[in-house]
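Structural overview
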Amino acid sequence: MNRWAVLACFLGVMLSVSCKTPVQEVPQIEGIAWELSGISDSEGNLIPPVQNAQVWFKLSEGRITGNAGANRFFGEYVLSGRTIRFSLTGSGMMMGTPELMAQEMRLLKVLGETVDYRIIDGELRLRNADQDVMVTMKRRVEPPLFSTVWKVTGVNNGKGGMTGLLTGSEITLEFTQDGAVSGSAGCNVFNGSYVLNGETIRFSSLATTRRMCFQPEGVMEQEAVFLQALEHSKSCNIKMGVLELRDESGGLQVKGVVK
């Protein structure tokens, strides 16, 4: 091979290297629970979410599901690189505080205006067509079972179905790392023991104080149903900030959120 051929080969290699465009890795957005950390107001300023609001969403296989604060919502999305479009198709009809409902309506509106996203320092930023950041979100970290006060939102009625709590009543659960469980059963304070192994849980030695309550009507019956549901519970799971206790067949017995 003469020197001109060598030079041509060298130049060809150099050109092929210099003309290559490096492939930029697109950050992962799907399969992660994202929790609201900031949302733009009507003037475009990012403000923190309403205190103690459970606002999150998760993307998977073209479907978006989440909680806007007072209501669950769902819909579809189309993802291409860093371009994303949401099409929300439904939500619940529950009412919350005026501040929570205003935030919920704002969130659903800006999701509909989102055209792309960026993940910077672990923070998800959703942007509109003007490249304004409308929403910021962080990876959701589930609350620990221990040293958390759980407010019960539903109890198995012993007939195969879940019921909400009576208006004006409250049931709580609190677990310690040394195997003690306590809280309010609605009227009386209760305490007992539990053994946790992975997601398997067993309650024992449940006892209550001896008060009688007459308001709200039916609170004593609700208390008995709750304690029975604890005794039937054999598994424990926390998902999307919701504590679920289930029986051996997988039937939901107790459901709660962080108080």
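For the structure itself, look to the data block above.
Our subject in this report is the structure included herewith. If you're wondering where the values come from, they're calculated on a predicted model, not measured in any experiment.

Tallied over the full model, the rule gives eight salt bridges. One salt bridge connects R63 with E76, and the closest N-O pair in it is separated by 3.8 Å. Note that R63 is positioned in strand β4 (residues 63–67) and E76 in strand β5 (residues 72–80), a separation of 13 residues in sequence. In this structure, the salt-bridge partner of R127 is D116, at a minimum N-O distance of 3.0 Å. Highlighted residues: R127 in strand β8 (residues 123–127) and D116 in strand β7 (residues 116–120), separated in sequence by 11 residues. The same class applies to R127 as to D116, namely buried. Overlapping salt bridges, with partners in common, bring together E35, R140 and E142 in one network.

Formed by 25 residues in total, the largest nonpolar core has its most connected members in F57, L59, F86, L124, L126 and V135. Here the element with the most residues in this core is helix α2 (residues 98–113); it accounts for four residues. When near neighbours in sequence (up to four residues on either side) are disregarded, F57 contacts I32, A33, W34, I64, T65, G66, F73, L111, L124, L126 and M137. F190, A229, L230 and C236 belong to the second-largest nonpolar core, a separate cluster that totals 21 residues.

Throughout the structure, instances matching the rule amount to four aromatic pairs. Ring plane angle 90 degrees and centroid distance 5.1 Å describe the contact between F175 and Y194, whose orientation is recorded as edge-to-face. Highlighted residues: F175 in strand β12 (residues 172–175) and Y194 in strand β14 (residues 189–197), separated in sequence by 19 residues. Summarising the burial analysis for this pair, F175 and Y194 share the class buried. With centroids separated by 5.6 Å and ring planes inclined at 70 degrees, the aromatic side chains of F190 and F226 adopt a geometry described as edge-to-face. Taken together, the residues span a long stretch of sequence, with F190 in strand β14 and F226 in helix α3 (residues 219–232) at a distance of 36 residues. Summarising the burial analysis for this pair, F190 and F226 share the class buried. Connected via pairs of aromatic rings, a cluster forms that spans F175, Y194 and F203.

What follows concerns the pairing of strand β17 (residues 242–246). Most of β17 sits out of view: four of its five residues are buried. Where strand β16 (residues 235–239) meets β17, five bridges bridge the pair, whose relative direction is antiparallel. Residue pairing in the sheet places N237 in a bridge with E244 of β17. Between β16 and β17, which pair antiparallel and follow one another directly, the connecting turn spans two residues, one of which, M240, has a positive phi of 55 degrees. Examined bridge by bridge, β17 and strand β18 (residues 252–258) share five bridges and lie antiparallel to one another. Across the sheet, R246 pairs through a bridge with L252, a residue of β18. Hairpin connection between β17 and β18: a loop of five residues separates the two successive antiparallel strands, and G250 in this loop has a positive phi of roughly 95 degrees.

Let us now look at the layout of surface pockets. The volume enclosed by the largest pocket comes to roughly 1,300 Å³. Around the largest pocket sit 38 residues that line it, and Q54, N67, G69, V242 and V257 are the ones nearest its centre. For the lining of the largest pocket, the secondary-structure elements that each account for two or more residues are β1 (33–40), β3 (56–60), β4, β10 (149–156), β16, β17 and β18. With three residues, β18 is the single largest residue contributor to the lining of the largest pocket. The residue inventory of the lining of the largest pocket, partitioned by class, reads 16 nonpolar, 12 polar and 10 charged.

Cut-off values and rules
- Residues numbered from 1 in each chain as written.
- Predicted model: local features only at pLDDT ≥ 70, side-chain atom pairs only at ≥ 80, totals over all residues.
- Heavy atoms only, no water.
- Salt bridge = Lys/Arg side-chain N within 4 Å of Asp/Glu carboxyl O.
- Helix = DSSP H or I, 4+ residues; strand = E, 2+ residues; numbered from the N terminus.
- Buried < 20%, exposed > 50% of the residue type's maximum accessible area, 1.4 Å probe, protein only.
- Core = buried A, V, L, I, M, F, W, Y, C linked by side-chain atoms within 4.5 Å.
- Contact = heavy atoms within 4.5 Å.
- Phe/Tyr/Trp six-rings, centres within 6.5 Å; stacked < 30°, edge-to-face > 60°.
- Pairing = 2+ DSSP bridges.
- 1 Å grid on protein atoms, 1.4 Å probe; cavity = no way out; pocket = protein on both sides within 12 Å on 5 of 7 lines; lining within 4 Å.
- Points joined across faces, edges and corners; volume = space filled by probe spheres on them.
- Nonpolar A, V, L, I, M, F, W, Y, C, P; charged D, E, K, R; others polar.

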